[in-house]
Amino acid sequence: MNKVKGISLIMLTIFVLVTLISIPSCKKQEEKVIKIGVMLPLTGGISFIGENFKNGLLLAQNEFGVKQGVKIVFEIEDHKNSSKNGVSIMRKFLMEGNMPIVVSTITSVTNAILPLIKGNPRVIISSITSGSKLPDKSQWLFRYFLSTVDEVSAMVSYLSSIGEDTVGIFYVNDDYGLDAMEVFSRKYRGFVKFKESYDKS
């Protein structure tokens, strides 16, 4: 799927949610501004992912503009692919009090912020998050991305098609990597010779 189209679908989801939240209290002649918090990895080793996501989101925002008297304004923060930073940013968003939707990226960051919304509900739209158990962790979370089950199924299918029956697994030592390794280990029917983790830096 085209990246911009994918982000546009996320933006459409945001717009629908914002419309449902805001229309009952909107006067037809007034423009209502809704702030959406966005957490992205804009610096560090995967900053290119965050920059692509941000650019696509801003393109989609320009495309949708103001609809139904509602203008969407993004407050974009850099979590630097760090769960600790993600928690600090989420606390800041919650303190602002006028942010009904937060876009969160990266499995480990999204896992870290979910406990914060238990007593203070916010809609979390999650992307670039593959953790297989993530959608079950909160009724407020909506994911738009492949899960590790989807990714691993494709890997296992390919290995089977070429007759490969022995592999080694290198996986990043974070929530995503651990989940992917565990799902792969369950689904792969060949011999796993070793499993080695590496730090995400």
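The sections below set out a description of the structure shown in this document. Position numbers for residues start from 1 in each chain and track the written sequence from start to end. Selection of residues for local features in this predicted model requires a pLDDT of at least 70, selection of side-chain atom pairs for listing and counting requires 80 or more, and totals for whole chains, interfaces and linings are taken over all residues. With hydrogens and water stripped out, all remaining heavy atoms of the structure feed into the side-chain values.

1. Observations concerning a nonpolar patch on the surface
Residues form patches when they are more than 30% accessible in relative terms and have no salt bridge. Like charges link within 9 Å. Nonpolar side chains (Val, Leu, Ile, Met, Phe, Trp, Tyr) link within 5 Å. For accessible areas, the Shrake-Rupley method is used with a probe of radius 1.4 Å. Any residue's cover is judged against the shown protein chains and nothing else. Each reported salt bridge corresponds to a side-chain nitrogen of Lys or Arg within 4 Å of a carboxyl oxygen of Asp or Glu. On the surface, Phe-170, Phe-194 and Tyr-198 cluster together to form a nonpolar patch covering roughly 330 Å² of accessible area. Helix and strand assignments follow DSSP, with helices taken as H or I runs no shorter than four residues and strands as E runs no shorter than two, numbered in order from the N terminus. Within the secondary structure, Phe-194 sits in strand β8 (residues 191-198).

2. Some thoughts on the pairing of strand β7 (residues 166-172)
Should DSSP find at least two bridges between two strands, the strands are regarded as paired. Across 7 bridges, the pairing between β7 and β8 is parallel. Of the residues in β8, the one forming a bridge with Thr-166 is Phe-191. Orient the strands so they point away from the viewer; a crossover is then right-handed if the path from the first strand over the helix to the second runs clockwise. In this fold, the crossover linking β7 to β8 by way of helix α6 (residues 175-187) has right-handed handedness.

3. Some thoughts on the pattern of salt bridges
In the structure shown here, the tally under the stated rule is 5 salt bridges. The salt bridge partner of Lys-35 is Glu-75, with a shortest N-O separation of 3.1 Å. Taken together, the residues Lys-35 in strand β1 (residues 32-40) and Glu-75 in strand β3 (residues 70-78) connect sequence positions 40 residues apart. Among the ionic pairs, Glu-77 bridges to Lys-92, the shortest N-O distance being 2.4 Å. Of this pair, Glu-77 sits in strand β3 while Lys-92 sits in helix α3 (residues 83-96), and the two are 15 residues apart along the sequence. Because the salt bridges share partners, they merge into one network encompassing Lys-35, Glu-75, Glu-77, Lys-92 and Glu-96.

4. Quick word on the packing of aromatic side chains
The geometry of an aromatic ring pair comes down to the distance between the two centres and the angle between the two planes. Pairing of aromatic side chains requires ring centres within 6.5 Å, counting the rings of Phe and Tyr and the six-membered ring of Trp. Pairs whose planes differ by under 30 degrees are stacked, by over 60 edge-to-face, and all others tilted. Taken as a whole and judged by the stated rule, the model has 2 aromatic pairs. With a centroid separation of 5.1 Å and 25° between ring planes, the pair formed by Phe-184 and Tyr-188 is classed as stacked. Both residues of the pair, Phe-184 and Tyr-188, belong to the buried class. Under the scheme applied here, a residue whose accessible area is under 20% of the maximum for its type counts as buried, over 50% as exposed, and between as partly exposed, the area being computed with a 1.4 Å probe on protein chains only.

5. What to know about the nonpolar core
Ranked by size, the top nonpolar core spans 17 residues in total, and within it Ile-36, Val-38, Phe-53, Phe-74 and Val-103 carry the most contacts. Looking at this core, the elements with two or more residues in it are β1, α2 (47-64), β3, β4 (101-105) and β5 (123-127). The greatest single-element share of this core, amounting to 4 residues, is contributed by β1. Put simply, a nonpolar core is a bunch of buried Ala, Val, Leu, Ile, Met, Phe, Trp, Tyr and Cys residues held in one set by side-chain atoms that sit within 4.5 Å of each other. Ranked by size, the runner-up nonpolar core spans 13 residues in total, among them Leu-94, Ile-113, Ile-124 and Leu-134.

6. A short note on the side chain of Ser-130
Considering the arrangement of structural elements, one finds Ser-130 in the loop between β5 and β6 (141-143). Polar contacts involving the side chain of Ser-130 include one to the main-chain carbonyl oxygen of Leu-146, which spans 3.1 Å. When near neighbours in sequence (up to four residues on either side) are disregarded, Ser-130 contacts Thr-107, Arg-143, Phe-145, Leu-146, Ser-147, Thr-148, Glu-151, Tyr-176 and Asp-179. Nitrogen and oxygen atoms within 3.5 Å of one another constitute a polar contact, given that in protein one can donate a hydrogen and the other can accept it, and given that sequence-neighbouring residues count only through two side-chain atoms. A contact between two residues is defined here by any heavy atoms of the two lying within 4.5 Å.

7. Some points on the packing of helix α5 (residues 148-161) against α6
Axes, fitted as lines to C-alpha atoms, cover a helix only where it is in contact. Angles between the N-to-C directions of the axes lie from 0 to 180 degrees. Packing of α5 against α6 brings their axes to within 9 Å, and their N-to-C directions diverge by 45°. Comparing their axes, α6 and α5 come out oblique. Once α5 is placed against α6, the crossing between them reads as right-handed. Here α5 contributes Thr-148, Val-149, Glu-151, Val-152, Ser-153, Met-155, Val-156 and Leu-159 to the contact with α6, which in turn contributes Tyr-176, Asp-179, Ala-180, Val-183, Phe-184 and Lys-187. Per-class residue counts for the contact of α5 with α6 are 9 nonpolar, 2 polar and 3 charged. The scheme is simple: roughly parallel for angles under 35 degrees, roughly antiparallel for over 145, roughly perpendicular for 65 to 115, oblique for anything else. Crossing handedness is read from the near helix: turned anticlockwise from the far helix by less than a right angle, it gives a left-handed crossing, and turned clockwise, a right-handed one. The nonpolar class holds Ala, Val, Leu, Ile, Met, Phe, Trp, Tyr, Cys and Pro. Asp, Glu, Lys and Arg form the charged class, and all remaining residues, Gly among them, are polar.

8. Brief notes about the environment of Gly-37
By the secondary structure assignment, Gly-37 is in strand β1. Using a relative accessible area of 0% as the deciding quantity, one classes Gly-37 as buried. Discounting residues that sit within four places of it in the chain, Gly-37 has contacts with Glu-75, Phe-93, Met-99, Ile-101, Val-102 and Val-103.

9. Points about the side chain of Ser-82
Looking at the secondary structure, you find Ser-82 in the loop between β3 and α3. A polar atom in the side chain of Ser-82 sits 3.4 Å from the backbone nitrogen of Lys-84.

10. Topic: unusual backbone geometry
The phi dihedral of Ile-106 is positive, around 80°, even though this residue is not glycine. With respect to the helices, strands and loops of the structure, Ile-106 is situated in the loop between β4 and α4 (107-113). If you check the backbone angles, Ile-128 has positive phi at about 55° while not being a glycine. Relative to the helices and strands, Ile-128 is located in the loop between β5 and β6. By relative accessible area, Ile-128 is classed as buried at 15%.

The analysis is restricted to geometry; functional conclusions fall outside its scope.
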